[in-house]
Structures are given as structure tokens and as C-alpha cells.
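Results of the structural survey
Single-letter residue listing:
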Amino acid sequence: MARAVTPQKKALWTVLAWIVGLIIFFPILWIILTSFKTEATAIADPPVWFFFDWTTENYGIVQDRSDYFRFLWNSVILSVGSTAVGILIAVPAAWSMAFVPGRRTKDILMWMLSTKMLPAVGVLFPIVLIAKWLNMYDSYILLIGVLTLINLPIIVWMLYTYFKEIPVDILEAARMDGATLRSEILYILTPMAIPGIASTVLLNIILAWNEAFWTLNLTTVSAAPLTKFIASYSSPEGLFFAKLSAASTMAIAPILILGWFSQKQLVRGLTFGAVK
Amino acid sequence: MGRITLDKVTKRFGEVEVIPPLDLTIDDGEFVVFVGPSGCGKSTLLRLIAGLEDVSSGQIRIDGEDATQAPPAKRKLAMVFQSYALYPHMSVRKNIAFPLRMAGIDKAEQDRRIENAAKVLNLTDYLERRPGQLSGGQRQRVAIGRAIVREPAAFLFDEPLSNLDAALRVGMRLEISELHERLKTTMIYVTHDQVEAMTMADKIVVLRAGNIEQVGSPLTLYREPRNLFVAGFIGSPKMNLIDGAEAAKHGARTIGIRPEHIDVSPQAGTWEGTVGVSEHLGSDTFFHVHVDGMKEPITVRAGGEVGLHHGDKVYLTPQPERIHRFDDKGLRIA
Amino acid sequence: MATQHSRSAARLMMAPAVFVLLVWMLVPLIMTLYFSVLDYRPMRGAFDCCVGLSNYTSFLTSSAFLDSILVTLVMVGGILAITVVGGVALALLLDKPIWGQGIVRILVIAPFFVMPTVSALVWKNMFMDPVNGLLAHLWEFFGAEPISWLSDLPLFSIILIVSWQWLPFATLILLTAIQSLDSEQLEAAEMDGAPGYSRFLWIILPHMARAITVVILIQTIFLLSIFAEIFVTTNGAFGTRTLTYLVYQRVIESQNVGLGSAGGIIAVILANIVAIFLMRIVGKNLDA
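Residues numbered from 1 in each chain as written. Chains lettered and ligands numbered in written order. Predicted model: local features only at pLDDT ≥ 70, side-chain atom pairs only at ≥ 80, totals over all residues. Heavy atoms only, no water.

What follows covers the interface of chain A and chain C. Facing 100 residues of chain A, the contacting portion of chain C comprises 97 residues. Buried area between chain A and chain C, both sides added, is near 9,000 Å², and the carbon and sulfur share of it is 82%. If you sort the residues of chain A by the area they bury against chain C, Ile24, Met117 and Phe125 of chain A come out on top, with a joint share of 8%. Where chain A packs against chain C, one counts zero salt bridges. At the junction of chain A with chain C, the criterion picks out seven residue pairs in polar contact (both at pLDDT 80 or more). When residues in the side of chain A that touches chain C are grouped by element, the largest group, 19 residues, is from helix α1 (residues 7-35) of chain A. (Contact = heavy atoms within 4.5 Å. Buried area = accessible area lost by both parts, 1.4 Å probe. Salt bridge = Lys/Arg side-chain N within 4 Å of Asp/Glu carboxyl O. Polar contact = N/O pair within 3.5 Å; in protein donor to acceptor, adjacent residues only side chain to side chain. Helix = DSSP H or I, 4+ residues; strand = E, 2+ residues; numbered from the N terminus.)

Following this line, the structure appears as C-alpha cells:
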């Protein structure tokens, strides 16, 4: 609102908002702080806040013990790979739905969304079985495939809502200018939709990175991403808060940073364009 | 070359027939304007010629070749859109180059043609800018530039001036007319504005509900409108249409007389009436005169400085040779 | 509006997406359907064809099923209540003129990006541990007896953890909705003499109604399949076994594929009933 507000009121709201914001953020802050403590300080009673001997030894230990970088690498491959494959399949589909809508377009979009709602447990066993038959259990291909499929409806939907905002005139102009369908998509649509495609990519990397049902159940070692890496810390073993914190920080840091960049698109993507 | 023939072309959207069977020939080098009220099917007709829509039946021939099934890219036509449809992510140069790039024309020839078009359209200084940095008139020129570099068989214009302000519109109208004089290429121009149609066209096609009401030169349409619709649509201000006893005197159901073909006199004349609203344009004045026994006021054009006022008594005399007569079906009586 | 040519191109380009999703949906579902009428327990080597609907009857009549439905309802309902009410309040707060609004937004949204396994593990050990957890320290600080969260209040604890993760989502969407409200409307209401609370009740809340519905429905879809949080914290013990988790246990842990598959099909049917409502809402927005 363009209205002037008294500084007192503004100060009051500011203090209140910051307190609430910090409370919500606190667990993450605490993880990060604890990751720099020794195990002994990590469970000190009363807790120590900022004034302790900062150490990075936990990061080294976690890397040595659980080979963080291998899981990180797997997370990157799975999230980026599944997003890339998803985009390749979704761009042509979204083009069709946005620019050549037919009588059934709406139904197809709805149906795609409905596949997202199938409870995964209902089909877990068949998928495991198929994966083992094909000898693909715990492989990149399987995981990239599954992650692509579970996020494909969201990718199609997001691209569809972005494409709809591009005036069809411009694509028709390209057609009149002699562009083939391929040139039309490659030289006109894609460059114009870059911001939308970028947000779609970003959001889907986040979703794939944090996906914890399929990645936990379909991997053991070789394709296991960070979700699995963290799950290996679930059984307590003596003093382990600092190490757990270091591992957690490393698991969430990349995506937290990426997520902050994409918070605006998140609204649109996760509500399938219903809230912009 | 650019001779376009439509042979019994129809278009249906589902059950709705937007264009009933329609025949039309556009000769090479002609400037043809499709004009009609909104929803008359003029844009659809243009899109059918462009290949952006399929015809439901009939045939479209371009230079004698059947182009009915050809995709837009293969029809050798260029189009200027109402929204200009410039590629926002490309510079003006790249916009103009795009059709050449698609046609696989070599770089040197591309540059030559772009420089040429830019010179003709006064765009030389703007070639490196993005469309977003240009004014409405400049964008319009880029759209035209993109069309002319291809040296198409014909240009299609879809209401190209409707997004410009009034002053710019008059200027662009002249530029497009000059362009036609220079290029001598067939142009098909769609508009709802009969002034644009009258001022630019070699041939006007008046459309209503997908039907061609009349085809002819601007002056033919002005002098001999084939029916009531054309009579009312062409000319500004509109022709006065009078029913009833006055029409019966001339042996017609309806008679029409244009405002500029009525003489005004304070003393004597055929019809007696009272001056209502008057519109002073400086060069001309339009009076709306309430004539006794007529439902609608009669619009009359008079000189710029005729001293008549609201409520004055006047006498109107239609020029007898300029009276248009229409029969029961609204058709012209020769 | 398009030509036959572009329509056939469109169909062709839509085909891959439609095809893979169709396969992804149908093949496993048909297999599950098939398994659900078998007595199939790989560990015991049992594989008897066609026990009819007995898996369904035993799944539906077991007390575990009714319990799991109840747990699911309480869990999803609790999380929805916390996130929606909290989300509306937070969105209103963040919409106020405040210094550093961007930073506060970033702080508030952060939990949504935390991997579910991380969030569950950290809450379980570092906050809810009755001895070393931070909440235990807090309770002690006020002289109270520390709570053994995950064994005494397991369902509530999971609701708390998941709400922490989803509150940012609700806040962000509701904030976006509030910010799209035309401020002239509010000014007009103010001119009409409406006090603050009635402006909220009659203008802001109705304006947010659609966003709230969307939040509820989308969260429901995700919350119905909560897995990692339960897996890591209680493993389904202490009355935290949702329908999803019950099916998971039947299939994977007790390796009773037939029974679990029947449960899976039931879960699919129930989820679809919820999904139909979501479709209606999203479908309406398609035309807008």
C-alpha cells in the first residue's frame, strides 16, 4: 500500500516479523551452528550459542565416514538429469497444449495432474519388481526415469502456464516468415520462454533433490543420493549431534540457496498456476 | 507476381459457418482492402489466404498454383499483424533477418536487403535496438520491414494501424500507400475503418457475416452501393436512409442521400426542418436536422462557416441525381 | 484455431509425454491389482493364485486399517489446521510495512527447502530428544519436566515437524494472494468506515479464499503420502501409522504383497476421491 505509516507502527511490525521469522528459521540456524561445534559442546547443558571454539572437523569426519561427495554427486545427477529429461519431453507437449488446444487438452492436463496423486506405496512393489527384472535396481537410469515421471506433470503444467502468456501472433508471424515447426520452437518460443523454463528447471531440481520416497526405496549404494546419505544417520551412536549437523548442513545447503532464488516461481509451480 | 484466386472457399468452426462459399480474384499488383464490421469474417478470410487456418472446402490458388493445402511458410506471402508480432528477444536487424535466415539466404545478401529495407523505412539508426525500445510507429515499420525483405508474392495486413494513435495512423496510411506505389506488389489489407479502405484501396471488398456484399473501386462503392448495407457502411458521415412516404414518392422502399448531396437554404426547399446538434469541423459543418414527418434526423454537410444555430428553421433539398433507391430486399434499383 | 497440419504436429509432440505417463500409471497399477487377489508372500514362498477379495476383506477389517485411517485424518487435519491458520497470520504480518521484508521472507520460506529426512532427523535428535534435545533444555530452563516427545506425544510431534516444513508453503502462497489484492478496495472499505477487523473479515479473507482452498488441497495431496518423516522418527510405532505407512509395512517389511497390494489399491481409491475435488478447483482456474 502506498500509504504512509508512522515509524512507530513500522518498528512494531518489524520487530514482530523478525521475531517470528527467526523462530521459524531457528532450527536451520541451530543445525549450522552445531555443525561447527565439537561433539561435547554440541550437547552442553545449558546450550552454547555463538561463543565456542569453532571447528570444521565434523565436515572432514562426515566426508571420510560417509563419502559425502559421492552422494552429492548422485543427487546432482538425479535431480539435474531427471529435470533435463522432463523438460525435453514437456516442452513439445506444453507447446501443443498452449498453442493448439483441442477439445481434450484440458482433460489431458487434468489427467496428467491426477497421476501425480497416485499414492506411491500403491505401486512401490511392482516398480521394485520391474526394476529387479530389468536389472536396473539402484541405477541412475531407473532413478532418473522415476523422478522424471513423478515430476513430469508439474513440468508440463508450469511450462503450459508460461507458454500461454506468449502471444500466439508471434508464433504465427514466424510461420509466415517461413519457419518450420522446429525453428519456431527453437528460435522463437524457447528464447521467449527462457524465464519460465528457468523457473521450471529450478523448482524441479528442488523437488527431485528432496524426493525421499523413491530415492530411499529404490537405491542402496551406487545411485543413492543425499536423502539416503542422511538416513544413514538415523540410528544414534554415542555423541553424534555435531556430525549429524555437519551432514545435514551439507545436504540442505545447495538446495536452500537454489530455493531462495526461486521462491516466486515456487508459488506458481506448486499451485499449477492457480495462484500467481 | 501475386495473383490470388479464391474458388468456393468456405470456413466452418464446428457447426458455425463463418464463411459461406466465396469466390474472389485478386489481381497481381492490386491493393485490395477487406472491410466490414467486427465479426464479419474479414480476418478469418485473411488467415485462410495466409494458411494460418484451413479452409473447410474450396480452393485457394496463388499464381495459378493450388495452395489450399500448403503450409504458411510455402505460400510466399508475408503478413503484418495487428500486434506487429515482433520477436521481442531479437534486435530489429535480427527481426528483419529472420525470414531470410529461414529461407537460407546467404549472409551478404541478407545484409544487403536489410540495409535496403531499413533505408526505405527510416530504420537505419534503430537496427541494433530491441522492439521494446521502439515507439509504436517504429515497431509498425519493423513489421513491414520484416515483410518486404522476403520479396513476397503478396503482403497481408491485418488491421495494422489500429494500435496507433490517430495522427500516426494518417502518416502510416500514406507510407503504406507509397510503399505499394513503389513495390507494385499485391497487398491485401484488412480493416474495419472505411476511411482506410476508401483512401488506400484499388479495390474494396465489403464483407458482412462472411458474405461479400460488394466488390469494386472506392468510387464505385461510393457512387453505386449495391445494397443498403454497403450504402450505410461506406462514406462518412453515413448516408441518410429514409423510409416511408418520401421513399414511395421515388418508387422505392428506401431512399438514401449522402449528407454532402443535400443543399441547405434558410428560405425554401423540399423538406422543412429544425436544426438540432451541429458539429463544426472548421472546413465543414455537419447539421443534424429534424425534418417534419421523418423519424431520424437528417445529417447535412454544409460549408465551414454557415451561420445556423440550434432551433433555426431550415429547408433541405436533395440533389435529385444523387438519390439512391433501394427495393424491398434492400437492393439498389438501377 | 489452427490448421490440420499444426494439429497433427501437436498430437505428435504431445504423444511422448502422454505415453510415458500412461505407462507409468497403468503398468504398476495393473500389477498391484493383480497381486491384490493373490496370496503372495515371497519370504515364505507363498504364491497362490486367486484368493479373490479375501485380501481386501482382511485389510479392511483389520483394526490396523481403521487406526491408520484415524491417524491419517488426525495427522493431515492437524497439519492443515496449523499451516493454514499460521499461514494466514504470517502472510498478514509479512504484508505489513517492515524493514528487511525480503530477508524475513527468506527466513520464513527456508524450512520448505529442507530435505524431509534431514528435518525429521534433526527434530528427532537435536530438538525432541528428552535428554539432550534443545526443547528439553528449554523446559528445564522454565523448571518443567522435559517431555519425551516422540514416545509420549508421537503423533503431535510428527504434526509439529511436518507443519514446520509446510508452514512456509502456505505462507508464501497466501502472501502472494494478499499482495494481489487491489489496495483501492481496502481504501474504499476504509472510506466506508469499516474498521480493521471487518476489513479483514469481509475483504481480505474472501479474497484469499481461493488461495486457501488451493493450499489445503495441494497440501492434502502431498501430506497423504507422508513417508520420510514417519520412517525416520517413529517407524510407524506409537500410533503414528498412517494408511500409506501401513501399506508400506505390509508390502516391504512383512513382505505380504497380496495384502499390501489390496491396501495399496484402497489407498489409490481414497486418494482419487480427494483428487477429484482438487481437479475441480484447478480446472476452474484453467478457463480464467
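We now examine the pairing of strand β12 (residues 254-257) of chain B. All names here are of chain B. Of the two faces of β12, both are covered, the one formed by Thr254 and Gly256 as well as the one formed by Ile255 and Ile257. Direction of pairing for β12 relative to strand β18 (residues 324-326): antiparallel, over a ladder of three bridges. Opposite Thr254, over in β18, you have Phe326 as the bridge partner. (Buried < 20%, exposed > 50% of the residue type's maximum accessible area, 1.4 Å probe, protein only. Pairing = 2+ DSSP bridges.)

On to the side chain of Arg47 of chain B, then. Here Arg47 of chain B lies in helix α1 (residues 42-50). Arg47 of chain B sits in the buried class, given a relative accessible area of 14%. Non-local contacts of Arg47 of chain B, meaning those with residues more than four positions away in its chain, are made with Glu172 of chain A together with Leu52 and Glu53 of chain B.

What follows covers helix α13 (residues 241-261) of chain A. Residues and elements named next belong to chain A. A rise of 1.5 Å per residue sets the reference length of α13, with its 21 residues, at 30 Å; its end C-alpha atoms lie 29 Å apart and thus fit the reference within 8%. By the largest-angle criterion, Ile252 marks the main kink of α13, which is about 40°, and a proline, Pro254, follows within four residues. Most of α13 sits inside the fold, with 15 of its 21 residues counted as buried. (Expected span 1.5 Å × (residues − 1). Bend = angle between axes of the 7 residues up to and from the residue.)

Residue and element names in this part refer to chain B. Its place among the elements puts Gly137 in helix α4 (residues 136-148). In this structure the C-alpha to C-alpha distance between Gly137 and Ala67, which are 70 residues apart in sequence, comes to 33 Å. Excluding residues within four positions of it along the chain, Gly137 makes contact with Leu164, Leu168 and Met172.

Next up on the list: the pattern of salt bridges. Residue and element names in this part refer to chain B. The tally for this structure, following the rule as stated, stands at 24 salt bridges over all chains. Of the charged contacts in the structure, one is a salt bridge between Glu53 and Arg47, with a shortest N-O distance of 3.2 Å. By the burial criterion, Glu53 is buried, and Arg47 matches it. Note that Asp111 and Lys107 form a salt bridge whose closest N and O atoms lie 3.3 Å from each other.

What follows deals with the nonpolar core. Ranked by internal contacts, the top residues of the largest apolar core, which has 231 residues, are Trp95, Phe163 and Trp214 of chain A together with Phe34 of chain B. Take this core: its biggest share by element is 17 residues, from helix α7 (residues 140-163) of chain A. Leu123, Ile148, Ile176 and Met200 of chain B belong to the second-largest nonpolar core, a separate cluster that totals 43 residues. (Core = buried A, V, L, I, M, F, W, Y, C linked by side-chain atoms within 4.5 Å.)

Across the boundary between the two partners, chain A contributes 15 residues, which contact 23 residues of chain B. Carbon and sulfur atoms make up 66% of the surface buried where chain A meets chain B, a total of about 1,600 Å² over both sides. Considering only the side of chain A, the residues that lose the most area to chain B are Glu172, Met176 and Asp177 of chain A, jointly responsible for 43% of the buried surface there. The residue Arg47 of chain B makes a salt bridge to Glu172 of chain A at a minimum N-O spacing of 2.7 Å.

Our next topic: the sheet that holds β12 of chain B. Residues and elements named next belong to chain B. Overall, antiparallel pairing links the three strands, which are arranged β11-β12-β18 in an open sheet. Of all strands in the sheet, those with a lone pairing partner are β11 (240-243) and β18, marking the two edges. Ignoring strand direction, the axes of neighbouring strands in this sheet form an average angle of 25°. (Axes fitted to C-alpha atoms, helices over the stretch in contact; angles between N-to-C directions.)

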